[in-house]
Amino acid sequence: MAIYYQEIENEIALFQRCYNLKLPLLIKGPTGCGKSQFVTAMAERFNRQLVKVSCNEDTTASDLIGRFLLKNQETVWQDGPVTRAIRIGAFLYLDEVAEAREDVIVALHSITDHRRELYIDRTNETLKAPSDFFCIASYNPGYQRGLKDLKPSTRQRFVTISFNYPSADTEKKILISLTGIEIKHADSLVRMANGIRAQTHMGLRETVSTRLLVNASYLINSGMNPHEASMVAIAEVLTDDLKTLDALRQLISFSF
Ligand SMILES: Nc1ncnc2c1ncn2[C@@H]1O[C@H](COP(=O)(O)OP(=O)(O)O)[C@@H](O)[C@H]1O
Ligand SMILES: [Mg+2]
């Protein structure tokens with residue numbers, strides 16, 4: 001099935017260029033702005049398997065590279081997702097890469113620079129990446145708030161592109177294409193989203209993403225009252241604070 005992806009700003013050409021040149025790509029952007037959708041669509045477009053790794057602070061180098069397992073009283077080597085991606089020449093997507101510990105990321109440095117190889121110390125094997133192999137990482141700068149920044153030596157291995165919420169017209173198009181929502185409702189949702197996005201003083205940890213609008217659109221399209229749908233798909237998702245919730249309720253009321 002073809003993945004629907006609406007290009008925002010020439011990112012497909014940049015992806016293609018980086019892929020051709022074997023320059024790893026880092027995608028920065030807030031949650032729900034289309035990073036994963038983009039990478040999934042690119043894997044499909046270039047006909048490569050996508051190996052996605054969701055990084056977190058408990059991720060170890062062995063989780064990514066592989067480990068020896070005991071099987072019928074024998075120890076057998078089992079590739080981790082990174083090793084597998086290299087072997088099969090896949091697209092490797094390191095999602096939320098800044099969440100992983102530094103030493104884990106450093107273990108992947110040789111695969112993200114000109115060497116394009118992975119040294120597996122447990123098996124004393126050096127794996128050369130085939131030309132189809134490509135590494136993409138994502139990172140949410142707002143969310144990490146500088147606490148978990150990527151090391152410069154990691155960052156400088158990646159060509160970096162910033163994603164943000166699409167323009168109103170593009171975002172409407174995305175909602176309509178994905179969910180079939182009526183134009184007038186899509187219009188109200190996007191206008192409301194941009195209203196909320198402009199309220200920077202609200203102290204929301206993250207603001208309305210395209211993902212939340214997609215969810216609200218599905219609810220509205222299934223017959224739910226738009227105001228109610230926006231409350232549960234957007235307002236309640238963004239905050240637990242009653243005052244903020246009230247302010248969001250008002251903004252939603254203005255739009256519908
Ligand atoms: N440019 C886009 N084209 C198509 N769908 C998009 C786009 N941007 C966002 N979406 C939709 O928004 C939702 C969240 O996108 P996702 O890629 O998961 O966000 P991220 O990985 O940045 O957190 C998905 O349902 C996706 O379909
Ligand atoms: Mg994602």
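Data block above holds the structure.
Here's a quick rundown of the structure.

What counts as what
Residues numbered from 1 in each chain as written. Chains lettered and ligands numbered in written order. Predicted model: local features only at pLDDT ≥ 70, side-chain atom pairs only at ≥ 80, totals over all residues. Heavy atoms only, no water. Salt bridge = Lys/Arg side-chain N within 4 Å of Asp/Glu carboxyl O. Helix = DSSP H or I, 4+ residues; strand = E, 2+ residues; numbered from the N terminus. Buried < 20%, exposed > 50% of the residue type's maximum accessible area, 1.4 Å probe, protein only. 1 Å grid on protein atoms, 1.4 Å probe; cavity = no way out; pocket = protein on both sides within 12 Å on 5 of 7 lines; lining within 4 Å. Points joined across faces, edges and corners; volume = space filled by probe spheres on them. Nonpolar A, V, L, I, M, F, W, Y, C, P; charged D, E, K, R; others polar.

Using the criterion set out here, one finds 15 salt bridges in the structure. Here Lys-52 ties to Asp-95 by a salt bridge, and the two come within 3.5 Å at their closest N and O atoms. Taken together, the residues span a long stretch of sequence, with Lys-52 in strand E2 (residues 50-54) and Asp-95 in strand E5 (residues 91-95) at a distance of 43 residues. A relative accessible area of 45% places Lys-52 in the partly exposed class. Note on Asp-95: relative accessible area 12%, which makes it buried. In this structure, Glu-117 and Lys-128 form a salt bridge, with 3.4 Å as the shortest nitrogen-oxygen distance. Of this pair, Glu-117 sits in strand E6 (residues 117-120) while Lys-128 is found in strand E7 (residues 125-128), placing the two residues 11 residues apart along the sequence. According to the relative accessible area criterion, Glu-117 is partly exposed, its value standing at 24%.

Let's shift gears to empty space enclosed by the protein. Tallied over the entire structure, the rule returns two cavities of 30 Å³ or more. For the largest cavity, the calculated volume is near 90 Å³. Along its surface, the largest cavity is lined by 13 residues, and Leu-94, Val-97, Ile-105, Leu-108 and Thr-154 are the ones closest to its centre. Considering only residue class, the lining of the largest cavity consists of nine nonpolar, three polar and one charged.

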